[in-house]
Amino acid sequence: MRSSINLASPLVAEHHPVEKLLVVSVCVFVGVFVVAGSMLGYLVYVRNEVSKVAAQETSVIRQINQNPQQKVDALILKERLNDITKILSSRGDINSKITSVVGLLPRSVDISAFTIDDKAVTVELSSSDLSVFDGLLESDVQKLQSQKSDTVSKMTVDSFQVQAEDPRYTMRAVFDLKP
Amino acid sequence: MEFGNADFLKNNKRLIGPAVLFILSIFILLRVVIPMISSIGQERSKLAESKARLEKLNSSQNAIQEINANNITQNINLANKAFPMNKEIIQIYTTVVDVAAQNGLQVESFSVKVGQVYNKDGAVTAAKTKEGGEFPTLDISVGVSASDTNSLFEFSNNLMKALPLANVNRLSTTEGNGEYDLSFYYKPINTSILSQQEFVTPLTETEKQSLKTIEEFDQN
């Protein structure tokens, strides 16, 4: 059969370029419309959530404000304890410094004067036995170095006196404290 | 020319539909979708803020109930005894004398550096706080006599465990006499500022521990 008289249409229909353009434009429009619609829906949902949370906030604030004194009391106690915590942690531990310095001194020596502030301890020691001071300087002070004291940074002997009539020795020493 | 346009439209009228759809799509994109992106962002951040605020408010409500459930008046009184709102000279004197008596000491002298008594602003000035200190203090010098040096040391130790809270700045002992430079802490409280605060946080473990510590000091 001659092809020129074959009236059957071809299997694949050829689309006109304008029709393709129409299909593409419809698809783009629908796509944009769906995206816009979805976003609008989501925006409405989020706004609704914001309103719900705001309503809950108002309710909680109302409950808190039903007894304002309770809130003020809680705030007062909270602030007071916060300040007390700071005070307790910032107070200088003078007693442990006293213990550290007194612990270095021989028991047989008399402490005739003792002064401590936040920088140094000044002690005046007296004894009728000279060897006590010898022991202090020869061995007891060496403890400072060997124990790496975390309280005393330096020891200075300020003066050493002896009363000739009644043999009594007095030493004045300054222990510089670590900050 | 008009004939030319009409002719063009007649020949290309099938393009009108796609063109209109494209224009509408671009319009929706520019006027609806893009502005909505920023709106959604704003609303989402607003929602996140609101949720965080609600959470804080709920936490505040729980904290208020929890703090109030445990003898709040008693605890406030105790906290104010430890850290008074004013220069409680009588209370300080009583404490010093009591602690001295517990250690077998006799109070020989008691002097107070009163300093600034009134400030219109109600603010803590640098003159009132000790150097490097955060709180104003009332500085006191106490002279005591004792039979032995150890009780003088013990006195300073016990003063640090008494209420109101104090710090021993300087101790000087000579032949059974002791001189102490003490600082007692105090701080006025402004309830109107406090009542404006929106949120209350629960007591921390450290603050609960501090409450226990001052309870122990109070029982001594």
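Residues numbered from 1 in each chain as written. Chains lettered and ligands numbered in written order. Predicted model: local features only at pLDDT ≥ 70, side-chain atom pairs only at ≥ 80, totals over all residues. Heavy atoms only, no water.

A.B. asks: I would appreciate a short explanation of the overall build of chain A in the present structure.
C.D. replies: Summing up its helical and strand segments, chain A has 4 helices and 4 strands in all. Sequence-ordered secondary structure for chain A, helices as α and strands as β, is α-α-α-β-β-α-β-β. Relative to its 179 residues, chain A shows a buried fraction of 36%. Accessible surface, chain A as shown: approximately 11200 Å² in total, 55% of it carbon and sulfur. (Helix = DSSP H or I, 4+ residues; strand = E, 2+ residues; numbered from the N terminus. Buried < 20%, exposed > 50% of the residue type's maximum accessible area, 1.4 Å probe, protein only. Areas by Shrake-Rupley, 256 points an atom, 1.4 Å probe, with all protein chains shown as cover.)

A.B. asks: Could you clarify how one ought to interpret the overall build of chain B in this entry?
C.D. replies: When helices and strands are tallied, chain B shows 7 helices and 4 strands. Of the regular secondary structure in chain B, the N- to C-terminal order runs α-α-α-α-β-β-α-β-β-α-α. The 220 residues of chain B split such that 39% are buried. Taking contacts inside chain B between residues at least 6 apart in sequence as the whole, the part at least 24 apart equals 74%. Roughly 12900 Å² of accessible area belongs to chain B as shown, and the carbon and sulfur atoms make up 53% of that amount. (Contact = heavy atoms within 4.5 Å.)

A.B. asks: Help me out: how do you make sense of the sheet that holds strand β2 (residues 120-127) of chain A in this one?
C.D. replies: Two orientations exist for strands paired in a sheet by backbone hydrogen bonds: parallel and antiparallel. Strands sit in the order β3(A)-β4(A)-β2(A)-β1(A)-β3(B)-β4(B)-β2(B)-β1(B) across an open sheet of 8 strands; the sheet is antiparallel. Strands with a single pairing partner mark the edges of an open sheet, and in this sheet they are β3 (152-163) of chain A together with β1 (106-113) of chain B. Taken pair by pair, the neighbouring strands of this sheet meet at an average axis angle of 20°, ignoring direction. In this structure, strand β1 (residues 110-116) of chain A lies alongside β2(A), joined through 6 bridges in antiparallel fashion. Pairing of A:Ile111 across the sheet is with A:Leu125, part of β2(A). (Pairing = 2+ DSSP bridges. Axes fitted to C-alpha atoms, helices over the stretch in contact; angles between N-to-C directions.)

A.B. asks: It is not clear to me how the nonpolar core should be interpreted in this structure. Could you clarify?
C.D. replies: General note: in soluble globular proteins, nonpolar side chains tend to be found buried as a group. Residues A:Phe175, B:Phe155 and B:Tyr180 are the most contacted members of the largest nonpolar core, which totals 43 residues. If we ignore the near neighbours within four places in the chain, the residues touching B:Phe155 are B:Val96, B:Val99, B:Ala100, B:Asn103, B:Leu105, B:Val144 and B:Tyr180. Within the second largest apolar cluster, 36 residues are counted, among which are A:Ile64, A:Leu77, B:Leu47 and B:Ile76. (Core = buried A, V, L, I, M, F, W, Y, C linked by side-chain atoms within 4.5 Å.)

A.B. asks: Which parts of the structure should I look at to understand the packing of aromatic side chains?
C.D. replies: Note on aromatic pairs: each is described by the distance of the centres and the angle between the planes. Taken as a whole, this structure holds 8 aromatic pairs over all chains when the rule is applied. With a centroid separation of 5.2 Å and an interplanar angle of 75°, the aromatic rings of B:Phe83 and B:Phe135 are classed as edge-to-face. In this pair, B:Phe83 is assigned in the loop between α3 (72-82) and α4 (89-102) and B:Phe135 in the loop between β1 and β2 (137-145), connecting sequence segments 52 residues apart. Exposure class is identical for B:Phe83 and B:Phe135. Each is buried. On the basis of an interplanar angle of 80° and a centroid distance of 4.9 Å, the ring pair of B:Phe155 and B:Tyr180 is categorised as edge-to-face. With B:Phe155 in helix α5 (residues 149-159) and B:Tyr180 in strand β4 (residues 177-185), this residue pair connects regions lying 25 residues apart in the sequence. Put simply, the rings of A:Phe133, A:Phe160 and A:Tyr169 pair up and form one aromatic cluster. (Phe/Tyr/Trp six-rings, centres within 6.5 Å; stacked < 30°, edge-to-face > 60°.)

A.B. asks: Would you explain the interface of chain A and chain B in this entry?
C.D. replies: Think of interface size as the accessible area that goes away when the parts come together; that is how it is often given. Each partner contributes residues to the interface: chain A has 62 residues there, and chain B has 80 residues. If you sort the residues of chain A by the area they bury against chain B, A:Lys78, A:Arg80 and A:Arg91 come out on top, with a joint share of 11%. Counting every contact that joins chain A to chain B gives 4 salt bridges. Notably, a salt bridge pairs A:Glu57 with B:Arg53, separated by 3.0 Å at the nearest N-O pair. Inspection of the chain A/chain B interface yields 24 residue pairs in polar contact (both at pLDDT 80 or more). (Buried area = accessible area lost by both parts, 1.4 Å probe. Salt bridge = Lys/Arg side-chain N within 4 Å of Asp/Glu carboxyl O. Polar contact = N/O pair within 3.5 Å; in protein donor to acceptor, adjacent residues only side chain to side chain.)

A.B. asks: Can you help me understand the pattern of salt bridges in this one?
C.D. replies: Pairing between side chains becomes possible if they bear opposite charge and their charged atoms approach one another. Using the criterion set out here, one finds 13 salt bridges over all chains in the structure. As a salt-bridge pair, B:Glu66 and B:Lys208 come within 3.8 Å of each other at their nearest N and O atoms. With B:Glu66 in helix α2 (residues 16-69) and B:Lys208 in helix α7 (residues 205-219), this residue pair connects regions lying 142 residues apart in the sequence. Through salt bridges that share partners, A:Arg47, B:Glu43 and B:Lys46 make up one connected network.

A.B. asks: Explanation requested: the packing of helix α3 (residues 94-104) of chain A against α5(B) in the structure shown.
C.D. replies: Two measures define how a pair of helices packs: the angle their axes make with one another and the distance between the axes. Taken N-terminus to C-terminus, the directions of α3(A) and α5(B) make an angle of 155°; their axes are 9 Å apart at the nearest point. In terms of orientation, α3(A) and α5(B) fall into the roughly antiparallel class. Of α5(B), the residues touching α3(A) (which contributes A:Ile94, A:Asn95, A:Ile98 and A:Val102) are B:Phe153, B:Ser156 and B:Asn157. (Parallel < 35°, antiparallel > 145°, perpendicular 65-115°, else oblique.)

A.B. asks: Just to check I follow, could you spell out the side chain of A:Asp73 for this structure?
C.D. replies: Within the secondary structure, A:Asp73 is located in helix α2 (residues 68-90). One buried charged residue, A:Asp73, remains without a salt bridge, the closest side chain of opposite sign being A:Arg80 at 12 Å. Sequence-distant contacts of A:Asp73, defined by excluding residues within four places in its chain, comprise B:Asn68, B:Ile72 and B:Ile76. (Lys, Arg positive; Asp, Glu negative; His and termini not counted.)

A.B. asks: Got a minute to help me understand a nonpolar patch on the surface in this structure?
C.D. replies: Nonpolar side chains collect at one region of the surface, where B:Ile26, B:Leu29, B:Leu30, B:Ile34 and B:Ile37 lie side by side and expose about 470 Å² of accessible area between them. For B:Leu29, the position within the fold is in helix α2. (Patch = residues over 30% accessible without salt bridge, like charges linked within 9 Å, V, L, I, M, F, W, Y side chains within 5 Å.)

A.B. asks: So what exactly am I meant to see when it comes to the confidence of the model for chain B here?
C.D. replies: Keep in mind that low pLDDT regions are not for reading the predicted coordinates in detail. With 87% of its residues at a pLDDT of at least 70, chain B reaches an overall mean of 85. Of the two predicted TM-score estimates for the complex, the pTM is 0.75 and the ipTM is 0.79. (pLDDT = per-residue confidence, 0-100.)

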